[in-house]
Amino acid sequence: MIHAGVYYQPGSLKADFCKRGAEQTVTFCEQHGIEVENCGKLLVATSLDEMARMENLYERCLDNEIEVELLTQEQLKEREPNVTGLGAIYVKSTSIVDYRKVTLKMVEEFVSHGGQISLRTRVTAMEEHAEEVQLTCVSDGQTMQLNCDFVITCCGLMADRMTKMLKIPTDFQIVPYRGEYYRLDERFHDYVSHLIYPIPDPELPFLGVHLTRMVDGSITVGPNAVQGWKREGYSRVNFSIKDSLQMLSFSGFWRVTSKHLMTGIQELRDSWWKKGYLKRVQKYCPDISSTDLKAYPAGIRAQAVMRDGTLVHDFLFSESARTLHVCNAPSPAATSAIPIGEYICNKVAKLKVSSL
């Protein structure tokens, strides 16, 4: 999805990156012949509490200079006959695209300018010296040494481990949250014309389950947000002793978990109880049944959590004389990829100048 930037705090890096990123992503796709479908998004209110929150969210959209329209119950039903709600915010500029095609084209551009790609390569050690940074890597069982003038890392689930390798003060830790999805049965391919989102609860850290139209016509449902016990735990049952012990020994984990304990229990329950998950969808799409929810790959959210239990919602960077680390790149990082890259390049240029 190419997000419009509805939810984000005005003036934050996330709000700025998203708005500029949406425009630049569409331009990039147009330049390279990648199809973009401007389907728009509906944020649907299904209760009086959500109607009140919808008004606040509408004001935030205006603060972020996003073109939106408030819809009544009748206008919502006219746009989406299969969606039930008391009202909605219509976000006109939200689009969908095949990000695999976008990524492959960016890789092609990178290589054409002299870049090299090394897949299945793990960094096992990193040392910074006055004149260079030395990386020890393992690829296909072979150990190799890389000597670099400057290193930029954007390691997601391993972001904190990279800064700790260089002994950079790290007062956050990555806590994994597993996002589980379903795909709707093929008979639902034309079920909705827009992306269908709930009105988020500002007291909760994640948006909630929504319906996402894909460019191939299919529709996915999700994600939830279940506590992960393995940083790269994409299968149904996952556990890592190393990852779990590191998480359990971090005070920020216990603080954020206690704050959202009941929500966490509900997420875990509905992860295993399909009917519970289904109820989240049926509140605005009552025609969907449990048999319509088909298996679909899960994702892992690499959430940076501070030592005091604060969830980092904006971008977070750490740096040293010869390295720059993207420690938190929250959704919508794909939409924001181009301005993130520009921001990183500008920061690296300033770091290089200051080190001379």
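Structural data are supplied above this passage.
Residues numbered from 1 in each chain as written. Predicted model: local features only at pLDDT ≥ 70, side-chain atom pairs only at ≥ 80, totals over all residues. Heavy atoms only, no water.

Overview of the pairing of strand β14 (residues 219-222)
Neither face of β14 is exposed, since I219 and V221 on one face and T220 and G222 on the opposite face are all buried. Strand direction decides the pairing type here: strand β11 (residues 182-184) and β14, joined by two bridges, are antiparallel. In the sheet register, R183 faces β14, and the bridge partner there is T220. Strand direction decides the pairing type here: strand β13 (residues 210-213) and β14, joined by four bridges, are antiparallel. Following the sheet pairing, T212 is matched in β14 by T220. In textbook terms, the turn of a hairpin is the stretch between consecutive antiparallel strands, and for β13 and β14 this stretch comprises five residues, one of which, G217, has a positive phi near 95°. (Buried < 20%, exposed > 50% of the residue type's maximum accessible area, 1.4 Å probe, protein only. Helix = DSSP H or I, 4+ residues; strand = E, 2+ residues; numbered from the N terminus. Pairing = 2+ DSSP bridges.)

What to know about the pattern of salt bridges
Within this structure, the stated rule accounts for 18 salt bridges. The salt bridge partner of K105 is E108, with a shortest N-O separation of 3.1 Å. Of this pair, K105 and E108 both sit in helix α4 (residues 99-112), three residues apart, which is roughly one turn of the helix. With relative accessibility at 46%, the residue E108 sits in the partly exposed group. (Salt bridge = Lys/Arg side-chain N within 4 Å of Asp/Glu carboxyl O.)

Description of the nonpolar core
L211, V221 and I288 are the most contacted members of the largest nonpolar core, which has 24 residues in total. At three residues, the largest contribution of residues to this core is made by helix α9 (residues 274-282). In this structure L211 touches L184, L195, I196, I219, T220, V221, V281, Y284, C285 and I288, once residues within four positions along its chain are discounted. (Core = buried A, V, L, I, M, F, W, Y, C linked by side-chain atoms within 4.5 Å. Contact = heavy atoms within 4.5 Å.)

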